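Spelled out from the first residue to the last, the chains are:
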Amino acid sequence: MIRLETILTPGRSLVNVPGGSKKRVLEQIASVIARDLPDLDGQIIYESLIAREKLGSTGFGNGIAIPHCRLPGCSTPISALLKLSTAVDFDAIDGAPVDLLFVLLVPEAATDEHLELLRQIASMFDREDVRERLRQAQDSESLYQTVVDVQNGQ
């Protein structure tokens, strides 16, 4: 089973990311990942995330969104975690604005493994104590460390 900390890095765990709009946030996600992984095209990442949102919002409620998509040219799952400085409307099921986003990009040939990763992310975000710890993180390292600690049962 893949663990979340193996597909996330402190460099892709960002705090105080400016919000603005859902599209602006998805653009920022794409540029963060493309900057970290230069063989991936930021525009393709952005377009793939937008196409997925058109099928239905990935806003889960409680200020959480899990934008995810299959990505051409992606060979292993990749994730990013963003804490926004200002929550944005994400068309979430409960109508609440989103300030925490856990992004998951997976290869085009999706497998049960990818569904398992989404399940892990969703169950982590289901816990109010975890959401609170993520919201209190002051820097990239502590945001990332929270995910590691939760995965290790702390």
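As annotated in an unreviewed UniProt entry, the protein chain carries the name PTS IIA-like nitrogen-regulatory protein PtsN and is attributed to Pseudomonas straminea.

We now examine the pairing of strand β1 (residues 13–17). For β1, the buried fraction is high: 4 of the 5 residues fall into the buried class. In this sheet, strand β5 (residues 78–88) lies alongside β1 in parallel orientation, the contact comprising 3 bridges. The partner of V17 across the bridge, within β5, is L84.

Here we take up helix α5 (residues 128–136). Structurally, the α-helix is built with 3.6 residues per turn, so residues lying three or four positions apart point the same way. Taken as a whole, α5 has its buried residues at V130, R131 and L134. Taken end-on, α5 shows its buried residues confined to a sector of 100°, consistent with a single buried face. Buried residues along α5 sit in contact with β3 (64–65), β5, β6 (98–107), α4 (112–125) and α6 (140–151).

So, on to the packing of aromatic side chains. With the rule as written, the count across this model stands at 1 aromatic pair. Stacked on the ring of F90, the Lys or Arg K22 has its end atom at 4.9 Å from the ring centre.

In contact at an axis separation of 8 Å, α5 and α6 are set at 155° when each is read in the N-to-C sense. On the basis of their axis angle, the class for α5 and α6 is roughly antiparallel. Taken as a pair, α5 and α6 cross one another with a handedness that is right-handed. Of α6, the residues touching α5 (which contributes V130, R133 and L134) are L143, T146, V147, D149 and V150. Class assignment for the residues of the contact of α5 with α6 results in 5 nonpolar, 1 polar and 2 charged.

UniProt records the feature "domain: PTS EIIA type-2" (unreviewed entry) at residues 6–150, using the numbering of this structure. Between the C-alpha atoms that bound residues 6–150 there is a distance of 13 Å. The span itself is 45% helix and 24% strand.

The rules we used
Residues numbered from 1 in each chain as written. Predicted model: local features only at pLDDT ≥ 70, side-chain atom pairs only at ≥ 80, totals over all residues. Heavy atoms only, no water. Buried < 20%, exposed > 50% of the residue type's maximum accessible area, 1.4 Å probe, protein only. Helix = DSSP H or I, 4+ residues; strand = E, 2+ residues; numbered from the N terminus. Pairing = 2+ DSSP bridges. Arc of directions from axis to C-beta. Contact = heavy atoms within 4.5 Å. Phe/Tyr/Trp six-rings, centres within 6.5 Å; stacked < 30°, edge-to-face > 60°. Lys NZ or Arg CZ within 6 Å of the ring centre and 35° of its normal. Axes fitted to C-alpha atoms, helices over the stretch in contact; angles between N-to-C directions. Parallel < 35°, antiparallel > 145°, perpendicular 65-115°, else oblique. Left-handed = near helix turned anticlockwise from the far one by under 90°. Nonpolar A, V, L, I, M, F, W, Y, C, P; charged D, E, K, R; others polar. UniProt positions renumbered as here; feature names shortened; annotations may be inferred.

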